[in-house]
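# Observations on the three-dimensional arrangement
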Amino acid sequence: MQFEFEVTGGDFANAGTASSQVKKILKQLNVSVSDIKRIVVALYEAEVNIVAHAYSGVVTVEIETTQVRIILKDSGPGIPDIDLAMQQGYSTASPEVREMGFGAGMGLPNIKRNMDVLNISSEVGIGTTVEMIAFLNVA
Amino acid sequence: MASDQKTSTGFHHALKVKQEVCIGCTHCMTVCPTEAIRVKDGMAVITDERCVDCGMCLRSCPVKAIHVDHDDFNHIFDYKYRIALVPAVLIGQFPEDISVEQIYSVLADIGFTHVYEAEHGVDLLHQTMLEYVKKPIVAKPVISSFCPAIVRLIQVRFPALTENVMLLKPPLDVASLYIKKRLVDEGALDHEIGIFYITPCAAKIAAIKSPVGEDVSAITGVINLDFIFNKIYRTIKATPRGSSFPLPDVSPLTGIAVKWSLTHGEADHIPGRSLAIDEIHNVMDFLEKIENEEISDIDFLELRACDESCAGGVLTTANRFLTVERLNHRASETIRRQTESGLSANNQNEMAPYFGHLLPLIRVDEVQPRGIMQLDKDMAEAMRKMNKRNKVYNALPKVDCGACGAPSCQALAEDIAQEKASFDQCFFIRNRMLTAGKIQLSDSKQILDSIWGNNKLKKLGEGNDPTKENQ
Ligand SMILES: Nc1ncnc2c1ncn2[C@@H]1O[C@H](COP(=O)(O)OP(=O)(O)OP(=O)(O)O)[C@@H](O)[C@H]1O
Ligand code: SF4
Ligand SMILES: [Mg+2]
């Protein structure tokens, strides 16, 4: 099954809406506590990245019994050097964003740690697409 | 992974609906934070697996149809040693001109042989907590186990956070273990000891009757605070001043212990980032954020189901803010006296010699998740139900009127997906089916009766038909 959520750049007040909706859905589908946790943490980071660094985006969540695949497609400045962005501690967050408690450069590494697959493609000046997959721990 | 699929039945609940009193008004159904209530046959029905015994339903009931099922008071006389274990908020129920001594002596007069405050367990617990929160292996934030409604809320709504619940008994259990041990040391036999907790809420009863993370509680029975309050107050009013009964000997509480059950009572004495949050909706909002890791780096959470914590317990009678005021006075008075006497709190604690004995007993086993959110244990089946629920929900009017006997359109949709309810329970849908000739008027009445009972309108007074003129 598939769900879609919209994310607005700069809207910190509503950052986390998609992840909290997805959490609710996964709980209702009886996905294990540990899988829910890592998916929600990763999605939250990716969602906040759109809010903090891009203009707007769409989150698509595809749920199957074996995996959860999430695609976050945004229009924004894009990431010029993805390898660099992946490095822990690397951040281009503005002072305003830092003031809100973000911008430690921990988001992408945290996503990588929590998900089984992470693919980022980006075009400078156009936008970024983040694809991430968690294989569910089936008992 | 398997553990969160375990929904244990047989949990004790202290909140009960009096069928003969309930008018099926839906007030309780709409306020229940876990959507545990439905109206069937004209009466509120509480779903056991969902209820966390917070008591919101009781507060909202306009006809007092929801009550807290406690033990018969006369049960205390089955025991030679009859201990009243009272919460500090009991004292706060009375105006300041009635002294602590007076209240205690009346408890002795009505039949108890010993009176003991549950918060005597605080000093040992506090010391243990200070060690506990320092351990690097415990999941942060440590969530206090003090309020049983919160522990249950976490089990059913936030199963991922069960590992954060502090694995130590609340002060009340610590105190009861101590009393039992001391009386046995003094020669009492186990079966001669009856420890009765005077409870400010339903949640404590549920916790005592089916404890989470431990096998049995050391407490014999539970009596409602409002019941005892009335008994004490009547006796005090009927007793001429100065003729008070002999005072049972008890050591005074420390200042920390006096305020432990109030908001900030715990959090202010745990180092690091310690937060205190009261009222169940506030707690749910916060736990949601903690669960998403939107809020992190918190060391300790004191969470209480009631506004103003136990001062606002459902069985309290006094205004909660006045209770807080009285306990604050009592705490500062205690601290002043202890400072004057130059004794440290622990020197005065009669429990101190027993700390070694009690320490290993105050730990509890892990708190098990018992999630209620899942639509089915099997994920494929759950997905099927979710699709059905979403489809049904889209067709419902989204007015959350409650006329179907469920708290919201969302809840009805879920009940339908779970095959616990039918589409035609919705008034709007039923009307449409009727117009389309899909059901008959008699079918419609039958459905209505199955939700609201067949004498709903009769109950409200016969011959009072507002549709007839000239009345
Ligand atoms: N959706 C995006 N659009 C444009 N740039 C992005 C996007 N996501 C990440 N980046 C870039 O990658 C950098 C690193 O991202 P990462 O999430 O690891 O850290 P951060 O967002 O800066 O800080 P933190 O996540 O710790 O709050 C960001 O500073 C930004 O330059
Ligand atoms: S806050 Fe106190 S009175 Fe209220 S439910 Fe929790 S333990 Fe009971
Ligand atoms: Mg980030």
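Residues numbered from 1 in each chain as written. Chains lettered and ligands numbered in written order. Predicted model: local features only at pLDDT ≥ 70, side-chain atom pairs only at ≥ 80, totals over all residues. Heavy atoms only, no water.

### Quick word on the overall build of chain B
Keep this limit in mind: Where helices and strands are cited, they refer to DSSP runs of H or I of at least four residues and of E of at least two residues respectively, numbered from the N terminus. Any residue under 20% of the maximum accessible area for its type is buried, any over 50% is exposed, and the rest in between are partly exposed; the area is computed with a 1.4 Å probe on protein chains only. Contact definition: two residues touch when any of their heavy atoms are within 4.5 Å. Accessible areas in this description were obtained via Shrake-Rupley with a 1.4 Å probe; residue shielding takes into account the shown protein chains only.
Along the backbone of chain B there are 18 helices and 11 strands. For chain B, the proportion of its 471 residues judged to be buried stands at 55%. Looking at chain B alone, contacts between residues at least 24 apart form 78% of all its contacts between residues at least 6 apart. Within the structure as shown, chain B displays about 21,100 Å² of accessible surface, and the carbon and sulfur contribution to it stands at 52%.

### Considerations on the interface of chain B and chain A
Inclusion rule: Accessible area that two parts lose when put together, with a 1.4 Å probe and added across both, is what the buried area reports. Salt bridges are defined as contacts in which a side-chain nitrogen from Lys or Arg sits within 4 Å of a carboxyl oxygen from Asp or Glu. For the purposes of these results, a polar contact is taken to be a pair of N or O atoms within 3.5 Å, where, inside protein, one atom must be able to donate a hydrogen and its partner to accept one; residues adjacent in sequence count only when each atom of the pair is a side-chain atom. Three classes are used, and their members are as follows: Ala, Val, Leu, Ile, Met, Phe, Trp, Tyr, Cys and Pro are nonpolar, Asp, Glu, Lys and Arg are charged, and the others, Gly among them, are polar.
Counting from both sides, the interface comprises 27 residues of chain B and, opposite them, 25 residues of chain A. Both faces considered, chain B and chain A share a buried interface measuring about 2,300 Å² in area, 60% of it formed by carbon and sulfur atoms. Between glutamate 288 of chain B and lysine 23 of chain A there is a salt bridge, with the nearest N and O atoms lying 3.3 Å from each other. On inspection of chain B and its partner chain A, the count reaches seven residue pairs in polar contact (both at pLDDT 80 or more). Within the residue set of the side of chain B that touches chain A, elements represented by two or more residues are helix H10 (280-291) and helix H14 (379-395) of chain B. Looking at the side of chain B that touches chain A element by element, the count peaks at eight residues for H14 of chain B. Of the residues contributing to the side of chain B that touches chain A, the split by class is 11 nonpolar, five polar and 11 charged.

### Digging into the packing of aromatic side chains
Residue and element names in this part refer to chain B. Test applied: Geometry of aromatic contacts follows a simple scheme: Phe, Tyr and Trp rings, the Trp one being its six-membered ring, pair when their centres are within 6.5 Å, and the pair is stacked under 30 degrees between planes, edge-to-face over 60, tilted otherwise. Criterion for a charge above a ring: Lys NZ or Arg CZ within 6 Å of the ring centre, and within 35 degrees of the ring normal.
According to the stated counting rule, one finds 11 aromatic pairs over all chains in the structure shown. Summarising the aromatic geometry, the rings of tyrosine 178 and tyrosine 354 are spaced 5.2 Å apart at their centres and angled 80 degrees between planes, so their arrangement reads as edge-to-face. Of this pair, tyrosine 178 sits in helix H6 (residues 171-185) while tyrosine 354 sits in the loop between helix H12 (345-348) and helix H13 (355-358), and the two are 176 residues apart along the sequence. Of the two residues examined, tyrosine 178 and tyrosine 354, each falls in the buried class. One aromatic cluster is present, formed by Phe73, Phe77, Phe112 and Phe227 through successive ring pairs. Here the guanidinium or amino end of lysine 231 rests over the ring plane of phenylalanine 73, the centre of that ring lying 4.7 Å away. Directly above the ring of tyrosine 393 sits lysine 398, whose terminal nitrogen or CZ lies 4.7 Å from the centroid.

### Thoughts on the site of ligand 1
All names here are of chain A. We apply this condition: We call a residue near a molecule or strand as soon as one heavy atom of that residue lies within 4 Å of the molecule or strand.
Around ligand 1, a shell composed of 20 residues is seen, among which His53, Ser91, Thr92, Gly103 and Met106 lie nearest. In the environment of ligand 1, an oxygen atom lies 2.8 Å from a nitrogen or oxygen atom belonging to the side chain of histidine 53. A distance of 2.9 Å is found between a nitrogen atom of ligand 1 and a side-chain nitrogen or oxygen belonging to aspartate 74. Summarising the interface, the protein chains cover 93% of the accessible area of ligand 1, which totals 590 Å² for the free molecule. Elements that contribute at least two residues to the shell around ligand 1 include exactly helix H2 (33-53) and helix H5 (107-114).

### Re unusual backbone geometry
Residues and elements named next belong to chain B. Note that the residue after lysine 140, namely proline 141, is joined by a cis bond; omega there is -5 degrees. Looking at where proline 141 falls in the secondary structure, it is placed in the loop between helix H4 (122-134) and strand E7 (142-143). Although it is not a glycine, aspartate 41 adopts a positive phi angle of roughly 55 degrees. Structurally, aspartate 41 is set in the loop between strand E2 (37-40) and strand E3 (43-46).

### A short note on the domain arrangement of chain B
Residue and element names in this part refer to chain B. Going by this rule: Domains are outlined according to an automatic or database domain assignment.
Segmentation of chain B into domains returns domain 1 (15-68), domain 2 (73-361) and domain 3 (379-458). Relative placement of domain 1 and domain 3: their C-alpha centres are 20 Å apart. On the surface where domain 1 and domain 3 come into contact, there are two salt bridges. With a closest N to O distance of 2.6 Å, aspartate 415 and arginine 38 form a salt bridge. Here domain 1 is connected to domain 3 by five residue pairs in polar contact (both at pLDDT 80 or more). For the side of domain 1 that touches domain 3, the secondary structure elements donating two or more residues are helix H1 (27-31) and E2.

### With respect to the site of ligand 2
With respect to spatial proximity, the complete set of residues near ligand 2 consists of Cys147, Pro148, Cys201, Lys204, Arg304, Ala305, Cys306, Ser309, Cys310 and Gly313 of chain B. Residue composition of the shell around ligand 2, by class: six nonpolar, two polar and two charged.

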